[in-house]
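Structure at a glance
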Amino acid sequence: ANAELVSLTGRAPRRPTADPAEALRVVKAHPYDPWARLQAARALLAKGLRERARSLLANHTWFADLDPASGLAAFRLLQRLDEHWARKRLVPVHCYADETVRGSPYWQMRLRVLWAALSKSLDPALGAAFVPVSLAPFSSSGSGGRLASIQQAFLSSVRTLPARGIIAAFSELPLPGRRGGGSLGQAQYLGRRLLVRLNPGEVQSRTLIHEMLHIYGAVHINPDLDSIMNPSGTSLELDPANRRIIELLRGRRFGPGGLKANVFPFVDHDQLTAALAQALQLNMQFRRLGVLEALEAKESSRFLASRKAREAYAMDPDLAS
């Protein structure tokens, strides 16, 4: 319904007015246009109608891509008017969708809803609004469905990436049948680029949250524990060790310059080192338990013991990062 209404109401004529009544008529005719809402909020604020201005902007952050300059200005104004939003940090997101996602005429609205849902889920820990500021296509044709191949197709299709903000690519290509191609998502650890395989029609994604948490420093947790950082599980809870890590990194930035420019100036190095060491130590403890379990299994089957030992010793590349 929202997607159809965006198409029907479209962009407002750029005729500025300081008259609140006229500005509100423009909003009514073009309710999804960030420029129209920003103009009306400013006109209301000039007349002292602070609460009406606030309510006009609340919950319309997710349409910033329709007019990024107005959308970002509206977010800043909302921060002035609303104590809850004042504590939030805006994180711009550049979204790219392949042919499988764009097969739906509502793909753009779907991506906006995905980011709104993610922002709400992570708000207690990160206090960030992840706002799509651009929605663009890319081609994954011929990639075969493996994430590494989709990623390569994305980088080949989109030659110049925006200098600032998160870079998020989405695909609905099904999992390949052959072994080793079953990943649902990947992210640059403490970087700004991620790739997520969506289920058809999905508007809330555990995989998207999982990969976003990698960007904020979270690491995989033992498969026996309930956590969203357990890649093979279904839990939506965040374990205490990873919560500590991402809370320390909540102020990180997403611009050029890598870790030196985007992470190091915004964290307490000693506290972050301790938090990461604690997470790694927890992982090592569970690996040790796995080895002991393998030794016990040796009494019944050396083949079972060998398999359990391999599983216990297997290093997660996430931890190496």
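The coordinates are above.
A few words now on the pairing of strand β1 (residues 89-97). Counting buried positions along β1 gives seven out of nine residues, so the element sits mostly inside the fold. When β1 meets strand β2 (residues 128-137), the two strands line up parallel, connected through nine bridges. Each bridged residue has a counterpart across the sheet, and for H94 the counterpart in β2 is S134. Taking the sense of rotation as the criterion, the β-α-β connection linking β1, helix α7 (residues 107-126) and β2 turns out right-handed.

Summed over all chains, the structure comprises eight aromatic pairs. Aromatic pair W115 and F170: ring centres 6.3 Å apart, planes at 80 degrees, arrangement edge-to-face. Here W115 is found in helix α7, whereas its partner F170 is found in strand β3 (residues 166-171), with 55 residues between them in sequence. The same class applies to W115 as to F170, namely buried. One aromatic cluster is present, built from ring pairs that chain together W115, F130, F170, Y216 and F254. The ring of W85 has K88 lying over it, and the distance from NZ or CZ to the ring centre is 5.2 Å. Lying over the aromatic face of F266, R253 brings its terminal NZ or CZ to 4.4 Å of the ring centre.

Turning to the environment of A128, a few remarks are in order. With respect to the secondary-structure elements, A128 resides in strand β2. In sequence terms A128 and V91 are 37 residues apart; their C-alpha atoms lie 6.6 Å from each other. If sequence neighbours within four positions are ignored, A128 has contacts with R89, V91, S119 and D123.

This brings us to the pattern of salt bridges. Per the counting criterion, the structure on display carries ten salt bridges. Put simply, R54 and D82 hold a salt bridge, and the shortest N to O gap is 3.1 Å. Remark: D82 occurs in the loop between α5 (68-81) and α6 (83-86) and R54 occurs in helix α4 (residues 50-57); sequence separation between them is 28 residues. You can call D82 buried: its relative accessible area is 12%. In this structure, E83 and R87 form a salt bridge, with 3.6 Å as the shortest nitrogen-oxygen distance. Among the residues examined, R87 registers a relative accessible area of 57% and is labelled exposed.

Rules behind the numbers
Residues numbered from 1 in each chain as written. Predicted model: local features only at pLDDT ≥ 70, side-chain atom pairs only at ≥ 80, totals over all residues. Heavy atoms only, no water. Buried < 20%, exposed > 50% of the residue type's maximum accessible area, 1.4 Å probe, protein only. Helix = DSSP H or I, 4+ residues; strand = E, 2+ residues; numbered from the N terminus. Pairing = 2+ DSSP bridges. Right-handed = clockwise from strand over helix to strand, strands pointing away. Phe/Tyr/Trp six-rings, centres within 6.5 Å; stacked < 30°, edge-to-face > 60°. Lys NZ or Arg CZ within 6 Å of the ring centre and 35° of its normal. Contact = heavy atoms within 4.5 Å. Salt bridge = Lys/Arg side-chain N within 4 Å of Asp/Glu carboxyl O.

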